[in-house]
Amino acid sequence: MTTSTSHDAFSAEVWMRRFGASAHAAKARLTALDQEVGDGDFGTNLTAGADSALRHLNGLPSPGGDPAAPLDAAATAFLDEVGGTSGPLFGLLFQALASAVAEAGAASTAAFAAGAADGLAAIRRVGDAAPGDKTLVDALAPAAEALRAAPDGTPPERALAAAAEAAWEGVRETARLRARMGRSSYLGERAEGVPDPGAVGIGLLFSSAQGVVDDLDARLS
């Protein structure tokens, strides 16, 4: 179940706070998934990054005055303070989103589309992953495409909701893929049937723009 409230203007601060709550709600399930196909630390790393991002955000003098500040706080946290493979990759995405919002001067659909595209390109460059490799790219690529395809004037909430749906489709597809990168690639058929935890994290991120995701299994089914 996802809860939501309406806002006159989109708030990246609210988004990041919801993302932290979603990560904590999903922590045990993410850990279990990662124990099947990875190192078992993804749930811990994601919540640690979200908590660190909120600490950075709470330390800002006036986060509401800078639409990019919450995303920049998340970028700093995930790039500088989170271990594992996925932490820096999420940091690159937040960094790209923050840069695009800063350049646009607003947390707009166009800014999010530009930031998601730039973040995807950076992640693919650094991680050398492509769609079909069973990584977070399989969720981020369709989400970025959904944002790019949003008609002019689409409210950010609606565009991010479409991105979330596209991301979850990608997440579910990863369960049918055989991994070609990372620890999962050594498991062969044993990793099939399990969605990629990093991709799940991307789904949580985009869904949190609408509300806290407190039922992860409903999204995975």
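Above this text sits the structure in question.
Report follows, based on the coordinates. All figures in this text were calculated on a predicted structure; none of them were measured in a lab.

With that out of the way, let us pick up the overall build of the chain. When its secondary structure is counted, the chain shows 9 helices and 0 strands. Ordered by position in the sequence, the α and β elements of the chain form the string α-α-α-α-α-α-α-α-α. The burial tally for the chain puts 54% of its 221 residues in the buried class. Surface accessibility of the chain: about 9,500 Å² in total, with carbon and sulfur atoms responsible for 50%.

Glancing now at the environment of Ala96. Along the chain, Ala96 turns up in helix α4 (residues 86-104). Here Ala96 falls in the buried class, since its relative accessible area comes to 12%. The sequence separation of Ala96 and Asp72 amounts to 24 residues, and the corresponding C-alpha distance is 8.9 Å. In this structure Ala96 touches Gly115, Asp118 and Gly119, once residues within four positions along its chain are discounted.

Moving on, we get to the pattern of salt bridges. Under the defined criterion, the tally for this structure stands at 5 salt bridges. In this structure, Asp217 engages Arg29 in a salt bridge whose closest nitrogen and oxygen atoms are separated by 2.6 Å. Taken together, the residues Asp217 in helix α9 (residues 216-220) and Arg29 in helix α1 (residues 12-37) connect sequence positions 188 residues apart. Among the salt bridges present, the one from Arg148 reaches Glu145, with a minimum N-O distance of 2.6 Å. Within this pair, Arg148 and its partner Glu145 are both found in helix α6 (residues 137-149), separated by 3 residues, close to a single helical turn. Classification of Glu145 by relative accessible area gives partly exposed; the value is 38%.

Cut-offs used in this document
- Each chain carries its own residue numbering, running from 1 in the written order of its sequence.
- pLDDT decides what is reported in this predicted model: residues at 70 or higher carry local features, side-chain atom pairs at 80 or more are listed and counted, and totals for whole chains, interfaces and linings draw on all residues regardless.
- Just so you know, side-chain values use all the structure's heavy atoms and leave hydrogens and water out.
- Strands here are runs of E lasting at least two residues and helices are runs of H or I lasting at least four, both read from the DSSP assignment and numbered beginning at the N terminus.
- Relative accessibility decides the category of a residue: with a 1.4 Å probe and only protein chains considered, values under 20% of the type maximum give buried, values over 50% give exposed, and everything between is partly exposed.
- Under the convention used here, a 1.4 Å probe and the Shrake-Rupley method define accessible areas, while residue burial counts only the protein chains that appear.
- Residue contacts are defined here by distance: any two heavy atoms, one from each residue, within 4.5 Å place the two residues in contact.
- Think of a salt bridge as a Lys or Arg side-chain nitrogen and an Asp or Glu carboxyl oxygen that are within 4 Å of each other.

Limitation: the analysis is restricted to geometry and does not speak to function.
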